Amino acid sequence: MSNAYRINLIQRVLDESESDIWNEAVQEWVIDDCEEDESLQSSCICGKEELRYLFTIRNIKNGNILFPIGSSCIRKFDRDDLNEEASIQEKLFKLFHAIEDGNFITLSSEFFSRKLLRYLYEEGVFQANEYNNYDPEKDYEFMLKMFNKRDKDSITPKQQRKINAIIMNSVRPYLVKQLLNKIV
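Residues numbered from 1 in each chain as written. Predicted model: local features only at pLDDT ≥ 70, side-chain atom pairs only at ≥ 80, totals over all residues. Heavy atoms only, no water.

**With respect to the pattern of salt bridges**
- All told, the structure shown has seven salt bridges when counted by the stated rule.
- Linking Lys115 and Glu84 is a salt bridge whose minimum nitrogen-to-oxygen distance equals 3.4 Å. Taken as a pair, Lys115 in helix α5 (residues 114-122) and Glu84 in helix α4 (residues 80-100) lie far apart in primary sequence, 31 residues in all.
- Across the pair Arg172 and Glu100 runs a salt bridge whose closest N-O atoms are separated by 2.9 Å. In this pair, Arg172 is assigned in helix α7 (residues 157-179) and Glu100 in helix α4, connecting sequence segments 72 residues apart. (Salt bridge = Lys/Arg side-chain N within 4 Å of Asp/Glu carboxyl O. Helix = DSSP H or I, 4+ residues; strand = E, 2+ residues; numbered from the N terminus.)

So this is what it looks like as structure tokens:
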């Protein structure tokens, strides 16, 4: 990030924060939303152009909003929680596009992470049904176990069918509902 972008970011965040000290001001912000600009026509509040992921952040002390802000600027806040959330949001969009494009989805780090699987579980994405004895946690644990396998070639055809079924019947509907109207 060039020095001018960094200065612009710091100034905008401080202007919209209660604190005028950077390390304190960054603690006032949470991610409220994320959109995707496939045309890369958007610019960050810092001035950087060609953003794909457009985050909306909100100040929890005064309600101020900053939009759009890019993921590299979010990383400048140097907060693990914001970095994790930004990463999850980006992976959701990548997974959505891969599913919609008909790509073969594997439980690899290209599309998934342990934190993303946990996020999907906490969001109620895994559905209670007869195949998991009406316990969505079993689908989460199965997906996590399959993700954690070092040798993905050891995933049996039956296990792969179950992975595909969970992705198509639980994950895909969630992604469509959450992301379809967030692509600009």
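**Things to note about a positive patch on the surface**
- A contiguous patch of positive charge, built from Lys138, Lys158, Arg161 and Lys162, is present on the exposed surface.
- Tracing the backbone through its elements, the reader meets Lys162 in helix α7.
- What makes Lys162 partly exposed here is its relative accessible area of 33%. (Patch = residues over 30% accessible without salt bridge, like charges linked within 9 Å, V, L, I, M, F, W, Y side chains within 5 Å. Areas by Shrake-Rupley, 256 points an atom, 1.4 Å probe, with all protein chains shown as cover. Lys, Arg positive; Asp, Glu negative; His and termini not counted. Charge placed at Lys NZ, Arg CZ, Asp CG, Glu CD. Buried < 20%, exposed > 50% of the residue type's maximum accessible area, 1.4 Å probe, protein only.)

**As for the packing of α5 against helix α6 (residues 136-148)**
- Running from N to C, α5 and α6 cross one another at 170°; their axes reach a closest spacing of 10 Å. One element, α5, and the other, α6, form an angle in the roughly antiparallel class. Two secondary-structure elements touch here, α5 through Arg114, Leu117, Arg118 and Tyr121 and α6 through Pro136, Glu137, Tyr140, Met143, Leu144, Phe147 and Asn148.
- When grouped by side-chain class, the residues that make up the contact of α5 with α6 number seven nonpolar, one polar and three charged. (Axes fitted to C-alpha atoms, helices over the stretch in contact; angles between N-to-C directions. Parallel < 35°, antiparallel > 145°, perpendicular 65-115°, else oblique. Contact = heavy atoms within 4.5 Å. Nonpolar A, V, L, I, M, F, W, Y, C, P; charged D, E, K, R; others polar.)

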